[in-house]
Amino acid sequence: MTGFLVFFVVFGVFLWLMTRFAIWVRAKGIGGGIMGPIDEAWHPSAERFRQEISVHERRVLPPRPGDII
């Protein structure tokens with residue numbers, strides 16, 4: 001009985017740690033490099049979407065006159 005309890009506690013901690021890691025990766029924006037090859041294997045046009053997102057992230061709007069202090 002205690003074996004099951006230990007297993008479920010360890011499994012729960014592992015799932016909690018993986019969830020925290022996923023939140024951290026999403027916040028940092030580093031998941032594309034890790035999941036890129038896997039994503040391309042399952043979704044061949046993923047590279048095109050990743051490039052599109054990269055272009056949008058690099059796009060900078062010129063400052064408006066009232067924004068500069």
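Position numbers for residues count from 1 along each chain, tracking the sequence in the order it is written. Confidence filtering applies because this is a predicted model: local features only for residues at pLDDT of at least 70, side-chain atom pairs given and counted only at 80 or more, and all residues used for totals across whole chains, interfaces and linings. The basis for the side-chain values is all heavy atoms of the structure; hydrogens and waters are excluded.

A separate point is the overall build of the protein. Along the protein, the regular secondary structure elements total three helices and zero strands. Throughout, the Shrake-Rupley method with a 1.4 Å probe supplies accessible areas, and for residues the shown protein chains are the sole cover considered. In the form shown here, the protein has an accessible surface area of approximately 6700 Å², with 71% of it arising from carbon and sulfur atoms. Secondary structure is summarised from DSSP: a helix means a run of H or I of at least four residues, a strand means a run of E of at least two, and numbering begins at the N terminus for each.

Take the residue count of a helix, subtract one, and multiply by 1.5 Å to get its expected span. If you check helix H1 (residues 2–28), its first and last C-alpha atoms are 39 Å apart, about what 27 residues at 1.5 Å a residue would give, namely 39 Å. A positive phi of about 75° marks Gly-29, the residue just after H1.

Attention now goes to the confidence of the model for the protein. Across the chain, each position has a pLDDT score giving the predictor's confidence in that residue, from 0 to 100. Scored by pLDDT, the protein has a mean of 81; 87% of the residues are at 70 or more. The spread of mean pLDDT over the elements of the protein runs between helix H2 (residues 31–42), the lowest at 71, and H1, the highest at 91.

On to the packing of aromatic side chains, then. Centre-to-centre distance and the angle between the planes together describe a pair of aromatic rings. Stacked, tilted and edge-to-face pairs are distinguished by plane angle, under 30 degrees for stacked and over 60 for edge-to-face with tilted covering the rest, among Phe, Tyr and Trp rings (Trp via its six-membered ring) whose centres lie within 6.5 Å. Summed over the entire model, instances satisfying the criterion amount to three aromatic pairs. Here the aromatic rings of Phe-7 and Phe-8 are separated by 5.3 Å at their centres, their planes lie at 70°, and the arrangement is edge-to-face. Look at Phe-8 and you get exposed, because its relative accessible area is 53%. Of the aromatic side chains, those joined through ring pairs into one cluster are Phe-7, Phe-8 and Phe-11. Here the basic side chain of Arg-48 rests over the ring of Phe-49, its NZ or CZ set 4.7 Å away from the ring centre. Exposure is judged per residue with a 1.4 Å probe applied to protein chains only, and the accessible area is read against the type maximum: over 50% gives exposed, under 20% gives buried, and values in between give partly exposed. As a reminder, the over-ring test applies to NZ of lysine and CZ of arginine, requiring each to be within 6 Å of the ring centre and within 35 degrees of the ring normal.

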